[in-house]
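# Understanding the architecture of this molecule
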Amino acid sequence: AGYDIVFSADGIMVSAEGFQPLLPGLLERISLEVRNGLNIKQVEFDRSVKELGESLRSYSEMPVDYAVFDLKVLLTASMQSKEEALEALSEVNASAVGSVVADVLLRSPLKLDALAMGNLDEEQARHAVSAVMTGVHSPASALGVDSAAKVLPVTPVVRPGRPVELRRKNPR
């Protein structure tokens, strides 16, 4: 039996696989790990920061790729340029990253998308999904989040009234 948990700005992705008798214990372990957040070792954090910094400083792609990326930065809400990300990277520390799950992801209502496959009947699949839902709950209502708050289904896009030309020096 094995599992994978991926935390991202979009949410939490959990996948579990194994024999049916092992799944209940595995799902409890997954729920516990998500609730406890990230346990980051300083050595791993430093290595990840160094690698990310190097990738943000390198310009090994084709110039057209940078032009498309710059277009996305201009037109997509809350997207940062490489320079902005590199600047923010210098202010990040391991303890702040470790608490991001509780401080950011679990403070917002979560939407569940689930797929169960394999030797599970419908009742077992529903029970497995329910176990993850109750284990990885979003305490947004306990934190006073407005239940009438709206979630934007699409990213807002800038709509200039006339054509705009943007020129930037090739970063290579």
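The following refers to the structure shown. All of these numbers come straight from a predicted model, not from anything done at the bench. All residue numbers refer to positions counted from 1 along the written sequence of the respective chain. The predicted nature of this model means local features are confined to residues of pLDDT at least 70 and side-chain atom pairs, given and counted, to a pLDDT of 80 or more, with totals for whole chains, interfaces and linings taken over all residues. Only hydrogens and water are set aside; all other atoms, that is, all heavy atoms of the structure, feed into the side-chain values.

## With respect to the overall build of the chain
In this text, helices come from DSSP runs of H or I with a minimum length of four residues, and strands from runs of E with a minimum of two, each type numbered from the N-terminal end. Counting secondary structure elements, the chain contains seven helices and two strands. For the chain, long-range pairs separated by at least 24 residues make up 69% of all intrachain contacts whose partners lie at least 6 apart in sequence. Within the structure as shown, the chain displays about 13400 Å² of accessible surface, and the carbon and sulfur contribution to it stands at 56%. Only heavy atoms matter for contacts: two residues are in contact if any of them lie within 4.5 Å across the pair. Method for areas: the Shrake-Rupley scheme with a 1.4 Å probe, in which residue coverage is limited to the protein chains shown.

## Considerations on helix H1 (residues 23-36)
The terminal C-alpha atoms of H1 lie 20 Å apart, and with 14 residues this matches the ideal 20 Å at 1.5 Å per residue to within 8%. Turning to H1, the residues buried within the fold contact strand E1 (2-8), strand E2 (11-17), helix H6 (100-103) and helix H7 (122-135). Backbone geometry just downstream of H1 places Gly37 in the positive-phi region, at approximately 80°. Expected helix span is given by 1.5 Å per residue-to-residue step, counting one fewer step than there are residues.

## Examining the nonpolar core
Most often, soluble globular proteins keep nonpolar side chains buried together rather than apart. Take the buried Ala, Val, Leu, Ile, Met, Phe, Trp, Tyr and Cys residues and link them wherever side-chain atoms come within 4.5 Å; each set so joined is a nonpolar core. Burial here depends on accessible area, computed with a 1.4 Å probe over protein chains only, as a share of the maximum for the residue type. Under 20% is buried, over 50% is exposed, and the range in between is partly exposed. Listed in full, the eight residues of the largest apolar core are Ile5, Leu23, Leu26, Leu27, Ile30, Val34, Ala128 and Val132. Counting residues per element, the ones that place at least two in this core are H1 and H7. Ranked by the residues each element gives to this core, the list is headed by H1, at five residues.

## Focus on the packing of aromatic side chains
Two rings from Phe, Tyr or Trp (for Trp, the six-membered ring) form a pair when their centres sit within 6.5 Å of each other. Planes less than 30 degrees apart are called stacked, planes more than 60 degrees apart edge-to-face, and all others tilted. All told, the structure shown has one aromatic pair when counted by the stated rule. Here, a charge over a ring is recorded when the distance from Lys NZ or Arg CZ to the ring centre is within 6 Å and its angle to the ring normal is within 35 degrees. Seen from the ring of Tyr59, Lys82 lies directly overhead, with NZ or CZ sitting 4.6 Å from the centre.

## Here we look at the pattern of salt bridges
Note on definitions: salt bridges are taken to be side-chain nitrogens of Lys or Arg within 4 Å of carboxyl oxygens of Asp or Glu. Per the counting criterion, the structure on display carries two salt bridges. The shortest N-O distance in the salt bridge between Arg47 and Glu51 comes to 3.7 Å. Of this pair, Arg47 and Glu51 both sit in helix H2 (residues 42-57), separated by four residues, roughly a single helical turn. The partly exposed category is assigned to Arg47, whose relative accessible area is 46%. When the shortest N-O distance is used, the salt bridge between Arg126 and Glu122 registers 2.9 Å.

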